[in-house]
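# Understanding the architecture of this molecule
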Amino acid sequence: MPPRVLVTRHVYPAAIAILQEAGCVVDYHDSRDGMTPEQLGRRVRHADGLLCQLTDPIPAELLAGADKLQVISQIAVGHDNIDIAAASARRIVVTNTPDVLTEATADLTLALMLAVARRLPEAERFLRAGSWQRWEIDLLCGNDVHGATLGIVGFGRIGRAVARRARGFRMRVLYAARNPAPPEVERELEARQVPLDMLLQRSDYVSLHVPLSPATEHLIGVAQLARMKPTAFLINTARGPVVDERALIAALEEGLLAGAGLDVFEREPAVPAELLALPNVVALPHVGSATVAVRTRMCAIAARDCAAVLTGERPEHPVNPEVLE
Ligand code: DGY
C-alpha cells in the first residue's frame, strides 16, 4: 500500500507535487481554516505522514489515536504546537524547516525596528488621512537606528542574521544566550555576550530570537521590562508567549519603554485592543518568513522530509533525531 499523507491545510502546490512524485497518496484538506481537533483526530488515524503548520495543535491525545503515523513534517522552524516528547515516545519522526527562512525573518526584524523607530505606519496613516499640510521641523520625528545599541536575545541562526544586518547600520551588538557563540562569529559580527539583565539595561533595541519552550515562556515579563531604558524599543519576531503581553501593555501605557514592534502575539490571531490603541506599537500578522520564495521552499522542504521518512530515507531536518537511531 502506498503511504498516505494528511496535509492539514492549504499549502503551496510544490508540497503536493513532491509527495505525489514520491508515490504518496495525499489526503489534502485544502482549506485555510484547518480542521477541528475531532476532524483532525479522525483523519490522522489513517495517515502514515502528516504535513502540518504552526496553527495545527498536535498534542499527545491526538497522537495516541494515530497508530500508523511515522512522520510529522512541520512547515515552520518553530514547533511549539507539537508535543515532541509524545511523538518521540511513539517513535514518530518530527521534522521542521530551519535555515530557509533565516534571512527573510531577519529582514523583517530590521523592517519592524525601522518602522517603529521612525514611526513609518503612523506617518503613512497621517498622509493617507490627508493630514499633511507642510514640511515641519518636528513633524513625525522618531529615533535613530544607526549607531544605537542592539540587544539580541537568542543568538542562533536568526539572531546572528539580525546582527549581520545591524553592522550595516553601525549598531553596537550585545547578545544574551545560553552558550557563547564561537569566537570567530563574535569577531565577525562584532557581538558581545552579556547577561540578559545587562542587555536589557544597555540596549536601545531589544530583539527576541529564542524558540518558545517552558524555559522561554514569559522570558520578558514585568521585571525585565522594568530594566529596559524608557527610550528603548522591544522587537518580537519569535513567538508571542516569550513576552508577557499584559506586562508589555502596562509597560507601554506607563511609558516604561518607547515602543514595540511585534510580529507575534500570545493568542494569535487575537491582538489585544490595548496594543492596537497605542501609536508607538507596530503590529504585524506573523509574517516574518512571508515571501513567496521562502514559503514555497518551506513547503517543499517539509514535503521532501515527509516523503524521505516514508520511503525509508533519512530526513534532512529531524527535530528528534534520536528516533532515527
Ligand atoms: C516559523 O517558521 O516558526 C515562523 O514563525 C513562520 O515561518
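Just so you know, these numbers come straight off a predicted model, no measurement behind them. (Residues numbered from 1 in each chain as written. Predicted model: local features only at pLDDT ≥ 70, side-chain atom pairs only at ≥ 80, totals over all residues. Heavy atoms only, no water.)

### Brief notes about helix α2 (residues 37-44)
At 3.6 residues per turn, the α-helix brings residues three or four places apart onto the same side. Every buried residue belonging to α2 is among L40, G41 and V44, and all of these are buried. Along the long axis of α2, the arc covered by the buried residues comes to 100°, so they all point the same way. Along its buried surface, α2 packs onto β1 (4-7), β3 (49-52) and α3 (60-64). (Buried < 20%, exposed > 50% of the residue type's maximum accessible area, 1.4 Å probe, protein only. Helix = DSSP H or I, 4+ residues; strand = E, 2+ residues; numbered from the N terminus. Arc of directions from axis to C-beta. Contact = heavy atoms within 4.5 Å.)

### Here's the deal with the domain arrangement of the protein
Domain annotation for the protein reports domain 1 (4-98 + 292-324) and domain 2 (102-283). Computed from C-alpha coordinates alone, the two centres of domain 1 and domain 2 are separated by 32 Å. Contact residues are listed per partner, giving five residues for domain 1 and four residues for domain 2. Across the domain 1/domain 2 interface, buried area totals approximately 430 Å², and carbon plus sulfur atoms make up 58% of it. A per-residue breakdown of the area domain 1 buries against domain 2 is headed by L54, D80 and P98, which together make up 73% of the total. In this assembly, domain 1 and domain 2 are joined by one salt bridge. R239 is paired through a salt bridge with D80; the nearest N and O atoms lie 2.9 Å apart. Across the contact surface, domain 1 and domain 2 share one residue pair in polar contact (both at pLDDT 80 or more). (Domains from an automatic or database assignment. Buried area = accessible area lost by both parts, 1.4 Å probe. Salt bridge = Lys/Arg side-chain N within 4 Å of Asp/Glu carboxyl O. Polar contact = N/O pair within 3.5 Å; in protein donor to acceptor, adjacent residues only side chain to side chain.)

### Let's talk about the side chain of D305
Of note, D305 is situated in helix α13 (residues 292-310). Buried charge without a partner: D305 forms no salt bridge, and the closest opposite charge is R304, 6.8 Å away. Setting aside chain neighbours within four positions, we find D305 in contact with S73, T95, N96, P315, E316 and H317. (Lys, Arg positive; Asp, Glu negative; His and termini not counted.)

### Some words on the packing of aromatic side chains
What describes a pair of aromatic rings is the distance from one ring centre to the other and the angle between the planes of the rings. For the structure on display, the rule yields two aromatic pairs. Here Y205 and F233 contribute two aromatic rings whose centre-to-centre distance is 5.3 Å and whose plane-to-plane angle is 10°, an arrangement assigned as stacked. In this pair, Y205 is assigned in strand β9 (residues 205-208) and F233 in strand β10 (residues 233-236), connecting sequence segments 28 residues apart. F233 carries the same exposure label as Y205, and that label is buried. (Phe/Tyr/Trp six-rings, centres within 6.5 Å; stacked < 30°, edge-to-face > 60°.)

### Thoughts on the pattern of salt bridges
One pass over the full model with this rule turns up 17 salt bridges. Between E136 and R134 there is a salt bridge, and its shortest N-O distance comes to 3.3 Å. R134 sits in the partly exposed class, given a relative accessible area of 49%. Taken together, the shared-partner salt bridges in this structure form one network comprising R4, D27 and R43.

### As for the pairing of strand β4 (residues 71-74)
The side-chain alternation of β4 yields two buried faces, one formed by V71 and S73 and the other by I72 and Q74. Across three bridges, β4 lies against strand β5 (residues 93-95) in parallel orientation. Paired with I72 across the two strands is V94, which belongs to β5. (Pairing = 2+ DSSP bridges.)

### Some points on the sheet that holds strand β6 (residues 149-153)
Read across the sheet, seven strands follow the order β8-β7-β6-β9-β10-β11-β12 without closing on themselves; strand pairing throughout is parallel. Either end of the sheet is taken by a strand with one partner, and the two such strands are β8 (191-193) and β12 (281-283). Ignoring strand direction, the axes of neighbouring strands in this sheet form an average angle of 20°. Where β9 lies against β10, four bridges are found, and the strand directions are parallel. For S207, the partnering residue across the bridge sits in β10 and is I235. Sheet strands in contact with helix α7 (residues 157-168) are β6 and β7 (172-176), and its direction is about 170° off that of β6. (Axes fitted to C-alpha atoms, helices over the stretch in contact; angles between N-to-C directions.)

### Some points on the sheet that holds β5
What the five strands build is an open sheet, ordered β2-β1-β3-β4-β5; its pairing is parallel. On the outer flanks of this sheet lie β2 (25-28) and β5, each paired with one strand and no other. Pairs of neighbouring strands in the sheet enclose a mean axial angle of 15°, with direction left out of account. Against the sheet, α2 touches β1, β2 and β3, its axis set at about 165° to β1. Across the sheet, α13 is in contact with β1, β3, β4 and β5; its angle to β4 comes to roughly 170°.

### Looking at the packing of helix α5 (residues 102-117) against α7
Between α5 and α7, the shortest axis-to-axis distance is 9 Å and the interhelical angle comes to 55°. The orientation of α5 relative to α7 falls into the category oblique. Viewed along their axes, α5 and α7 form a crossing whose handedness is right-handed. Listed contacts from α7 to T102, E103, T105, A106, D107, T109 and L110 of α5 are R157, I158, A161, V162, R164 and R165. Of the residues assigned to the contact of α5 with α7, the class counts are five nonpolar, three polar and five charged. (Parallel < 35°, antiparallel > 145°, perpendicular 65-115°, else oblique. Left-handed = near helix turned anticlockwise from the far one by under 90°. Nonpolar A, V, L, I, M, F, W, Y, C, P; charged D, E, K, R; others polar.)

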